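In case you want the letters, here they are:
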Amino acid sequence: MNEQTKGLIKNLPLRIILTEHGINFFIKHNKKLNRFRMADELEEYGIYLDTFSPASIQRMLLINYISKLEISRAEFVSKRQEIMDLTKLLVFGILYKQLDNRVFKILIESNLIKSWNRTNPGSILDERTNINENYLEKIMKQNENKVQGVKKTLLAPIFERINNDPNLLPEEKKLKYLMCERFLNNLRPSIWFILSRFQASEDYNAVLKDIRECVVEYLEKTRIAEYLSLMIMELVVNAENTNMQKFAQRVYKDAINLESLFFDQNMRARILREMENQKEYLYLTWKMGAKSSSISTRVKLQVTLYNRESEYREVKQIIDDKKGLNLKKKSLSDFYKEAPDQIVNNELGLYYLSYLSEACEKVNVRFDSFVNQIQKSDLTVITMTLSF
């Protein structure tokens, strides 16, 4: 399953917290909104879905309707692929949106548009111009052949570079072709209108060259989606096992061999059912950075893993009051190095963390991570932030 997954994700309750733009849309169309108390103790408005289409979630992200997603469960392993897919589509959605902004900026700042603005002072095109994208979309659909011609001209040198790369397997090449096309398919209609309208300009080829370089740059950033999804699942699985051990120890005392939880599937299923009944949950959230009217603004994706909500109140109170005498904050790397082997898979976690950090650094994406720990309760709140 890739970032444009078809079909439905079922039995994965998802809280979708809406932006102001999203709230206004739903209210305008008489859609009922829910009021949620989130894991971070904030009360938010949004919608609740048990079954959803990944494509619809990504579409809502692209049109700036989503500010946060949250899943709460006692058990995550059975939904491993779905959670990884959800993470990937969010990363791809952010990259699609940011590339769209970058390409529009390339056009607006190009000599092609500057020349137009000088000779047409009454119809200036800049980032403040109010463009009816819906109207232009209809126009460009009527000129589909012209748009496809522009896309073909734009993609040909990129496809040639991919095809000649000896380090790529045939399937990897096909995937890169597909990702290039999807990046272009998510560009706003006004971009295609401008590119189609000014093909005869002497600056046209220079603009296409700049756009190609931008597409290649974002193509490289897509690898972050895979590394981030693996990192998240590693953290979630370790937290799930830790919570299960603590729950079993608290409820059964010495009547159960804790190691059996990893090997006895019947015992594991029994403990998980009891945890579900008592709402002994982990909370996983994806939070999108505040959107800005500036087309150069970096977009943030913050992923946070919380333990039980009741215990998080203690963490939040300590952080907010800045007393924190028993609050230990460390990097995610230090957390792995210091954690007991029987609870956390140190080697695999550090492996994923290393690859994610290196991948972000190579493509100019800032990656930060830290862990807040309450030593008394051994509670951890893990946060990872990517600034694209």
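Here, the structure is the one placed above.
Because the structure is a prediction, the values reported are computed rather than measured.

Enquirer: Is there a simple way to think about the overall build of the chain in this case?
Expert: The secondary structure content of the chain amounts to 14 helices and nine strands. Across the chain, the fraction of contacts at a sequence separation of at least 24, relative to all contacts at a separation of at least 6, is 74%. Surface exposure of the chain reaches about 20,300 Å², of which carbon and sulfur atoms provide 48%.

Enquirer: Would you mind showing me how to read the packing of helix 3 (residues 80-108) against helix 10 (residues 223-252) here?
Expert: Each pair of packed helices gets described by two things: the angle between the helix axes and the distance between those axes. Running from N to C, helix 3 and helix 10 point in directions that differ by 140 degrees, and their axes come no closer than 9 Å. With respect to each other, helix 3 and helix 10 are oriented oblique. Here helix 3 runs over helix 10; the crossing is right-handed. Along its contact with helix 3, which presents Arg80, Ile83, Met84, Thr87, Lys88, Val91 and Phe92, the element helix 10 presents Ala225, Glu226, Leu228, Ser229, Leu230, Ile232 and Met233. Across the contact of helix 3 with helix 10, the residue classes break down as nine nonpolar, two polar and three charged.

Enquirer: Please clarify how helix 8 (residues 189-197) should be interpreted in this entry.
Expert: Residues three or four positions apart in an α-helix share a direction because the helix packs 3.6 residues into each turn. Burial runs high along helix 8: seven of the nine residues are buried. Where helix 8 is concerned, the buried positions are Pro189, Ser190, Ile191, Trp192, Ile194, Leu195 and Ser196. In this structure, the buried residues of helix 8 make contact with helix 3, helix 4 (111-119), helix 5 (133-142), helix 6 (144-163), helix 7 (170-185) and helix 9 (204-221).

Enquirer: Help me out: how do you make sense of the packing of aromatic side chains in this one?
Expert: Describing an aromatic ring pair means giving the distance of the ring centres and the angle of the ring planes. Summed over the entire model, instances satisfying the criterion amount to ten aromatic pairs. Ring geometry for Tyr227 versus Tyr355: centroids 5.6 Å apart, planes at 50 degrees, classification tilted. Of this pair, Tyr227 sits in helix 10 while Tyr355 sits in helix 14 (residues 346-362); the two residues are 128 residues apart in sequence, bridging distant segments of the chain. When its relative accessible area of 23% is taken as the criterion, Tyr227 is described as partly exposed. Put simply, the rings of Tyr227, Tyr351, Tyr352 and Tyr355 touch in pairs and so form one group of aromatic residues. One Lys or Arg, Arg188, reaches over the ring of Phe104 and ends 4.3 Å from the middle of that ring. The lysine or arginine in question, Lys221, covers the ring of Tyr218, its NZ or CZ lying 4.4 Å from the ring centre.

Enquirer: Can you walk me through unusual backbone geometry in this structure?
Expert: You will see that Asn64, though not glycine, has its phi angle at about 65 degrees, which is positive. Secondary-structure assignment places Asn64 in the loop between helix 2 (54-62) and strand 4 (66-73). A positive phi angle, near 60 degrees, is found at Asn364, a position not held by glycine. Among the structural elements, Asn364 can be located in the loop between helix 14 and strand 8 (366-374).

Enquirer: Would you explain the environment of Val303 in this entry?
Expert: When you line up the elements, Val303 lands in strand 6 (residues 300-306). With relative accessibility at 3%, the residue Val303 sits in the buried group. C-alpha separation for the pair Val303 and Ile232, spaced 71 residues apart in sequence, amounts to 8.2 Å. The contacts of Val303, once residues within four sequence positions are left out, are Ile232, Leu284, Thr285, Trp286, Ile382, Thr383 and Met384.

Enquirer: How should the packing of helix 10 against helix 11 (residues 265-277) be read in this particular structure?
Expert: Packing of helix 10 against helix 11 leaves a shortest axis separation of 10 Å and a crossing angle of 85 degrees. Taken together, the axes of helix 10 and helix 11 are roughly perpendicular relative to one another. Contact residues: Glu240, Asn241, Asn243, Met244, Phe247, Ala248, Val251 and Tyr252 in helix 10; Arg268, Arg270, Ile271, Leu272, Glu274 and Met275 in helix 11. Tallied by class, the residues present in the contact of helix 10 with helix 11 amount to eight nonpolar, two polar and four charged.

Enquirer: Any chance you could explain the pairing of strand 4 here in plain terms?
Expert: Along any regular strand, the residues point their side chains to alternate faces of the sheet. Along strand 4, six of the eight residues are buried, which leaves the element largely enclosed by surrounding structure. Relative to strand 4, strand 1 (residues 14-18) runs antiparallel, the two being bridged by four bridges. Bridging across to strand 4, Ile17 finds its partner in Lys68. Pairing analysis gives six bridges linking strand 4 to strand 5 (residues 282-288), with the strands arranged antiparallel. Bridge assignment links Leu69 to a residue of strand 5, and that residue is Trp286.

What counts, and at which threshold
- Residues numbered from 1 in each chain as written.
- Predicted model: local features only at pLDDT ≥ 70, side-chain atom pairs only at ≥ 80, totals over all residues.
- Heavy atoms only, no water.
- Helix = DSSP H or I, 4+ residues; strand = E, 2+ residues; numbered from the N terminus.
- Contact = heavy atoms within 4.5 Å.
- Areas by Shrake-Rupley, 256 points an atom, 1.4 Å probe, with all protein chains shown as cover.
- Axes fitted to C-alpha atoms, helices over the stretch in contact; angles between N-to-C directions.
- Parallel < 35°, antiparallel > 145°, perpendicular 65-115°, else oblique.
- Left-handed = near helix turned anticlockwise from the far one by under 90°.
- Nonpolar A, V, L, I, M, F, W, Y, C, P; charged D, E, K, R; others polar.
- Buried < 20%, exposed > 50% of the residue type's maximum accessible area, 1.4 Å probe, protein only.
- Phe/Tyr/Trp six-rings, centres within 6.5 Å; stacked < 30°, edge-to-face > 60°.
- Lys NZ or Arg CZ within 6 Å of the ring centre and 35° of its normal.
- Pairing = 2+ DSSP bridges.

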